[in-house]
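In case you want the letters, here they are:
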Amino acid sequence: MVDQQGGPKDGHWHGGHTRLHEREEELHTAEQALDRLCEDFEAGGTEIGELLVYASPAGVGKTAVMDQIRRLAKLRKTCTVLSGRGGERQTKEPFHVLKQLLLPVLGGLSEAERAEVFGGWYSIVGPAIGLLPPSGEVEQMDPQGVRDGLDYVLTQLAPRRAPLVMMVDDLHWADQESLTWLASFAARARLLPVLLVFAYRNEFEESRELQQQIESQATRRHALRPLNPTSVGQLVRAELGPETEDLFCHEVWAVTKGNPYDVAVLLREVRDQQLDPFEENVKQLRDLAAAAKGMTLQYWLDKLGTGVLRFAWACALLGTDIKQDLAATICAQSPAEAEESVRQLRRQHVLTTGPTGRLDFVHPVIGTSIYQTMPPSTRTGMHGMAATAIENSGGSLLDASRHLLETHPEGDDAMVAKLRQAATEHLAIGAPEAALRCLQRALYEPPEEDLRALVLYETGCAALLTDPLTTVHQLRQALALEPGLTPELRVDATFRLSEVLAHAGQLVEAAEVCRAEAERTPPGPGRMRLEALHFMWIAWQRDEDDGPARSSRLAELGRSVSGRGDSDRAVHTMRAWDLTLRGEPAGRALDLVGQAMDGYRLPDGLGWRNNTWGFEFPAIIGLTYTYTDQLATAERLFADAITEYEVAGWSGGHRGFSYFLMGLVRFRRGLLAEAEDFLRRGLRLSERIAPDIPLQWDTVGVLADTLLARGRVDEAWELARKYRFGPPYHPTAMVLPDAPTLYGKLLLARGDRHGAAQVFRAVGDQLDRRGWHNTVWAPWTGHLAKAIAPERPDEARELAAEAVARAEKFGTASARGAALRMQASVWDGQFAVDRLEESVNLLTQSPVSYELACSLVELGGALIRTGRLHDAAEYCYQGIELAQNCGADGLVAQARRELARAGLRPNRLRTLSKDALSQNERSVAELAAKGVPPQRIAEQLNVALSLVHRRLAAVHRKIGTGPEGLAEALGLDRPKDN
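Let us now look at the overall build of the protein chain. A tally of helices and strands in the protein chain yields 48 helices and 7 strands. Along the longest, intermediate and shortest principal axes, the C-alpha atoms of the protein chain span 115 × 70 × 55 Å. Buried positions account for 58% of the 978 residues belonging to the protein chain. The contacts in the protein chain between residues at least 6 apart in sequence include a share of 68% that link residues at least 24 apart. Put simply, the protein chain shows about 39200 Å² of open surface, and 50% of that area lies on carbon and sulfur atoms. Side-chain charges in the protein chain split into 110 positive and 132 negative, and the spacing between the mean points of these groups amounts to 4 Å.

This is the structure in structure tokens:
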């Protein structure tokens with residue numbers, strides 16, 4: 001008797017199990033890995049994971065090896081063994097392999113265990129692996145969020161079921177969703193008490209990239225080879241008897257080329273034909289092998305008969321883990337007939353009992369052979385019957401949809417409806433590619449003319465996360481059709497089309513698409529939405545021809561807005577951002593952005609996860625607060641974004657951008673270590689999504705600026721070089737803040753004054769043409785002054801004065817204080833001291849602690865140069881203390897060098913608490929919040945005015961707001977205007 005891979009049933013391998021010829025090394029590797037896993041876990045080890053990979057052509061024995069490893073693992077009573085297997089007919093069934101792996105163990109958790117293992121991920125991971133029905137919400141589930149949730153669940157499950165053995169056979173047929181996660185999990189599994197064992201055929205190219213990613217993480221990779229003549233001879237004699245002649249054995253090896261499966265099939269044919277294993281019958285072996293290997297329709301009819309073959313066909317289209325009653329329904333057999341069919345198929349070595357206890361094919365090659373013998377019309381009809389049977393038995397369209405895809409288009413409205421619903425369910429579990437397949441099949445049905453535009457629109461939306469080109473193509477078609485979309489959907493389709501174009505770098509076209517559609521849209525919220533989008537995409541463009549004229553048109557649109565609808569709020573938002581970029585008085589921008597808000601929260605219509613407006617509009621609201629010194633409000637908004645995206649399981653660009661925004665606001669506050677952490681998180685997410693996307697560019701720019709502030713100039717430069725942050729500037733970046741200015745700062749920090757000056761002049765010309773003069777968002781004027789000061793001091797001083805004038809117009813304390821410090825850097829003597837003293841006084845009223853630390857250190861240095869050593873020491877000490885709290889090590893070193901040059905001893909570094917106000921700080925803060933000026937505060941508390949300024953600076957830094965927001969932050973009533 002021969003097993004399914006050609007191994008003799010009377011052989012032995014380690015304790016009475018089936019012996020596999022020439023697989024000793026492969027099995028020994030697995031035994032050693034199992035021993036290490038169990039021993040290391042018993043010794044208290046946790047980061048002990050390994051990955052074994054087995055690859056071979058079809059029939060060479062990888063499945064037999066996997067079966068043997070599974071038996072070896074189960075012999076170790078402490079191991080939890082999870083098994084899954086890809087199926088040729090189930091490659092388009094999302095999460096098919098992961099359901100096999102995880103559903104048995106996760107479905108068996110108690111309520112308490114489930115809460116611990118899933119944490120907050122149950123509603124996200126549960127639908128994907130079949131524990132929960134798909135959500136009824138229309139909203140797409142982020143595929144990366146599902147993968148992150150799976151990571152979390154396995155990280156929690158592994159220690160609770162350790163040591164854990166996860167085995168996947170036929171990985172080459174794994175569905176894309178499962179394979180993508182397994183490839184990423186393989187890199188992290190070594191940190192857990194998990195042994196991964198993967199096996200696949202090495203003759204498929206479709207999944208080669210992910211397979212190579214898996215192989216790169218393998219502890220050991222085995223490539224299984226065909227058997228040698230001696231092993232084949234042993235198999236032949238074990239099956240046909242010891243009297244089998246050597247030449248017969250050798251010919252079996254030659255005919256099969258040592259493939260164990262082919263050997264087993266050929267030997268069964270020899271038995272069935274009652275062929276004696278002698279030399280005179282050798283010539284017949286090739287014909288028998290050809291007939292068995294070909295496995296034609298006639299071959300199976302002769303073996304099984306019509307009725308049994310129809311049952312086998314039903315099994316073949318179901319794939320793996322076959323339900324007997326479902327197969328019987330598909331082929332219209334009674335339970336008794338089906339039972340007889342199963343009996344015959346077992347006898348003919350076609351079906352066996354799989355690991356789950358359900359029916360399975362003895363070998364995938366047999367299932368493939370039987371499926372391919374089905375006449376096309378029969379195959380199509382049986383797929384349709386399978387879809388109906390699954391639905392009628394209570395199964396979901398998720399399960400039925402792969403069969404619906406195989407049916408013939410017939411213009412059936414019911415089929416279109418089912419495919420659209422299946423697409424919705426696929427989107428709800430984080431499988432957009434499967435949803436796209438369903439909708440594309442619906443288009444082939446085809447839908448009725450009045451429905452076609454809607455299906456095109458849904459197809460474009462389904463492709464948003466995975467195939468932007470398809471999105472553009474389908475949405476353009478949907479917009480061009482007559483009869484077409486409803487007016488509301490036309491607006492939404494235009495919005496989504498413009499989003500994809502904008503994020504692909506086609507910002508001009510994105511703006512034009514919105515403008516053209518707005519012109520054909522009747523007045524109302526829809527038209528206002530398109531006009532607001534038009535202005536937004538223009539604002540993100542690197543350059544424009546009519547910046548001031550565009551601002552005028554936007555202002556005119558704003559004057560036409562009188563309501564509090566979402567479109568009105570969006571227009572207010574764009575006007576506020578435009579005023580901010582132009583450097584107009586910050587109070588005007590804050591008034592407008594206040595009209596866009598519901599008090600201190602985002603309106604529902606402009607929320608972070610709102611599909612109508614996207615995340616850009618709430619981001620613009622937060623950015624306006626960021627650049628107008630309302631950092632506490634901005635930080636609260638960005639924290640809400642992070643929380644919403646994390647709870648919803650969104651782990652793609654939206655969440656990455658929320659980390660970027662939080663990093664930016666923490667950078668503005670001067671919390672540099674925290675800023676670096678958020679920015680690096682955003683950068684890691686951007687790398688998972690795709691190279692060279694706007695998120696990556698923006699994040700690298702602000703991260704480089706943060707590293708400069710921390711004194712790590714070389715690291716900032718290498719980061720910029722690694723991500724090609726420099727000219728030509730990324731066309732799709734949302735320029736937050738201005739990229740050329742940041743690049744110029746990098747050059748200036750490295751001592752390249754000439755190169756930096758060229759960059760600053762170019763960006764200055766560009767921004768001046770647009771009318772953008774904000775010295776916080778793009779402080780090119782002051783930096784250009786510093787770059788040219790040694791060679792052209794008069795021009796530098798003119799530029800610095802211009803920067804101060806622009807900052808005065810904008811009016812925020814941080815803008816004015818930073819500009820004054822820049823001006824002082826190109827002057828000497830008392831003029832520089834006066835400017836720096838004014839800068840310090842202004843910055844104590846703002847929440848930008850790093851800027852204040854810079855001004856304190858610069859003031860200390862200027863005082864040293866004018867001989868006022870006592871005052872200089874006080875300011876340098878303050879600067880050191882604050883810079884160290886910011887994490888600005890370079891600035892700390894600069895201040896200590898200033899003190900050392902003056903012969904003063906640098907004080908011991910201390911750390912301020914940023915978590916709570918001290919009692920003295922609170923006393924000063926409460927008086928300031930009531931409108932008491934600093935001089936009177938000093939008199940009331942009987943302390944020096946400089947100390948009041950120091951305490952106020954600490955208050956603004958810790959609370960994250962300027963004087964305007966102080967009362968609210970302290971929970972006090974606002975002071976009444978005099």
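It is the contact of helix H13 (residues 297-304) with helix H14 (residues 306-318), at a shortest axis distance of 7 Å, that shows an interaxial angle of 120°. By the angle between their directions, the pair H13 and H14 is classed as oblique. Crossing hand, H13 versus H14: right-handed. For the pair formed by H13 and H14, the contact residues are Leu297, Trp300, Leu301 and Leu304 on the first element and Thr306, Val308, Leu309, Ala312 and Trp313 on the second.

Before going further, it helps to examine the pairing of strand E1 (residues 50-56). Counting buried positions along E1 yields 7 of 7 residues, so the element is predominantly enclosed. Burial along E1 is two-sided: Glu50, Leu52, Tyr54 and Ser56 and Leu51, Val53 and Ala55, pointing in opposite directions, are all buried. Here E1 pairs with strand E4 (residues 194-201) via 7 bridges, running parallel. By the bridge assignment for E4, Leu52 is matched with Val197.

What follows covers the sheet that holds strand E2 (residues 80-85). What the 5 strands build is an open sheet, ordered E2-E3-E4-E1-E5; its pairing is parallel. On the outer flanks of this sheet lie E2 and strand E5 (220-223), each paired with one strand and no other. Ignoring strand direction, the axes of neighbouring strands in this sheet form an average angle of 10°.

Following Ala162, the chain continues to Pro163 via a peptide bond in cis, the omega torsion being -10°. Position of Pro163 relative to the elements: it lies in the loop between helix H6 (143-160) and strand E3 (164-169). In this chain, Glu482 is followed by Pro483 through a cis amide linkage whose omega measures -5°. Structurally, Pro483 is set in the loop between helix H23 (468-480) and helix H24 (487-503). Positive phi, normally seen in glycine, also occurs at Gln274, with a value near 55°. Within the fold, Gln274 resides in the loop between helix H11 (260-272) and helix H12 (284-294). The exposure class assigned to Gln274 is exposed, which follows from its relative accessible area of 70%.

Below, the discussion takes up the nonpolar core. Of all hydrophobic cores here, the largest spans 221 residues; its most connected members are Phe311, Ile370, Trp537 and Trp608. Look past the residues within four positions of Phe311 in its chain and what remains in contact with it is Gln324, Ala327, Ala328, Cys331, Gln333, Ala338, Ser341, Val342, Leu345, Leu351 and Leu359. Ranked by size, the runner-up nonpolar core spans 50 residues in total, among them Leu98, Met141, Phe185 and Ala431.

It is worth spelling out the environment of Cys315 at this point. Structurally, the position occupied by Cys315 is in helix H14. Along the chain, Cys315 and Ile330 lie 15 residues apart, while their C-alpha atoms are 9.0 Å from each other. Setting aside its immediate chain neighbours within four residues, Cys315 contacts Ile322, Ala327, Leu351 and Phe361.

In a regular helix each residue adds 1.5 Å, so 12 residues correspond to 16 Å; helix H3 (residues 96-107) covers 15 Å between its end C-alpha atoms and thus fits that length. Most of H3 sits inside the fold, with 9 of its 12 residues counted as buried. Those residues of H3 that fall on the buried side of the exposure criterion are His96, Val97, Leu98, Lys99, Gln100, Leu101, Leu102, Val105 and Leu106.

Glancing now at the confidence of the model for the protein chain. Summing up the model confidence of the protein chain, the mean pLDDT is 88 and the portion of residues at 70 or higher is 94%. In this model residues 1-18 is a low-confidence stretch, pLDDT under 50, and it forms 55 contacts with partners more than four residues away in sequence or in other chains. Confidence drops under pLDDT 50 across residues 908-915; counting only partners more than four residues distant or on other chains, this segment forms 15 contacts.

Counting across every chain of the model gives 15 aromatic pairs. Measuring from ring centre to ring centre gives 4.9 Å for Phe118 and Tyr122, while their planes differ by 85°; the resulting arrangement is edge-to-face. The same class applies to Phe118 as to Tyr122, namely buried. An angle of 45° between the planes, with centres 6.2 Å apart, marks the rings of Trp577 and Tyr627 as tilted.

Before going further, it helps to spend a moment on the packing of helix H40 (residues 813-824) against helix H42 (residues 849-865). As a packed pair, H40 and H42 sit with axes 10 Å apart at the nearest point and diverge in direction by 30°. Relative to H42, the element H40 is oriented roughly parallel. When you trace H40 past H42, the crossing you get is left-handed. Across the interface between the two elements, Gly817, Ala818 and Arg821 of H40 pack against Glu851, Cys854, Ser855 and Glu858 of H42.

Moving on, we get to the side chain of Thr706. Along the chain, Thr706 falls in helix H34 (residues 694-709). Beyond its immediate stretch of four places on either side in the chain, Thr706 contacts Phe667, Leu672, Ala675, Glu676 and Leu679.

A contiguous patch of negative charge, built from Glu410, Asp412, Asp413, Glu448, Glu449 and Asp450, is present on the exposed surface. Tracing the backbone shows Asp412 in the loop between helix H19 (397-404) and helix H20 (413-428).

Inspection of the secondary structure assignment puts Ser923 in helix H45 (residues 919-929). Separated by 605 residues in the primary sequence, Ser923 and Leu318 place their C-alpha atoms 75 Å from one another.

Attention shifts here to the state of the cysteines. Linking two cysteines covalently via their sulfur atoms produces the bond known as a disulfide. Applying the stated criterion across every chain yields a total of 0 disulfides. The cysteine Cys438 is free of any disulfide, with Cys461 supplying the nearest cysteine sulfur at 16 Å. Residue class for Cys438 comes out buried when judged on its relative accessible area of 1%.

Relative to the elements of secondary structure, Glu425 occurs in helix H20. Along the chain, Glu425 and Ser396 lie 29 residues apart, while their C-alpha atoms are 8.9 Å from each other. Those residues in contact with Glu425 that lie beyond four places of it in its chain are Pro134, Ser396, Leu397 and Leu398.

Criteria and cut-off values
Residues numbered from 1 in each chain as written. Predicted model: local features only at pLDDT ≥ 70, side-chain atom pairs only at ≥ 80, totals over all residues. Heavy atoms only, no water. Helix = DSSP H or I, 4+ residues; strand = E, 2+ residues; numbered from the N terminus. Buried < 20%, exposed > 50% of the residue type's maximum accessible area, 1.4 Å probe, protein only. Contact = heavy atoms within 4.5 Å. Areas by Shrake-Rupley, 256 points an atom, 1.4 Å probe, with all protein chains shown as cover. Lys, Arg positive; Asp, Glu negative; His and termini not counted. Charge placed at Lys NZ, Arg CZ, Asp CG, Glu CD. Axes fitted to C-alpha atoms, helices over the stretch in contact; angles between N-to-C directions. Parallel < 35°, antiparallel > 145°, perpendicular 65-115°, else oblique. Left-handed = near helix turned anticlockwise from the far one by under 90°. Pairing = 2+ DSSP bridges. Core = buried A, V, L, I, M, F, W, Y, C linked by side-chain atoms within 4.5 Å. Expected span 1.5 Å × (residues − 1). pLDDT = per-residue confidence, 0-100. Phe/Tyr/Trp six-rings, centres within 6.5 Å; stacked < 30°, edge-to-face > 60°. Patch = residues over 30% accessible without salt bridge, like charges linked within 9 Å, V, L, I, M, F, W, Y side chains within 5 Å. Salt bridge = Lys/Arg side-chain N within 4 Å of Asp/Glu carboxyl O. Disulfide = S-S within 2.5 Å.

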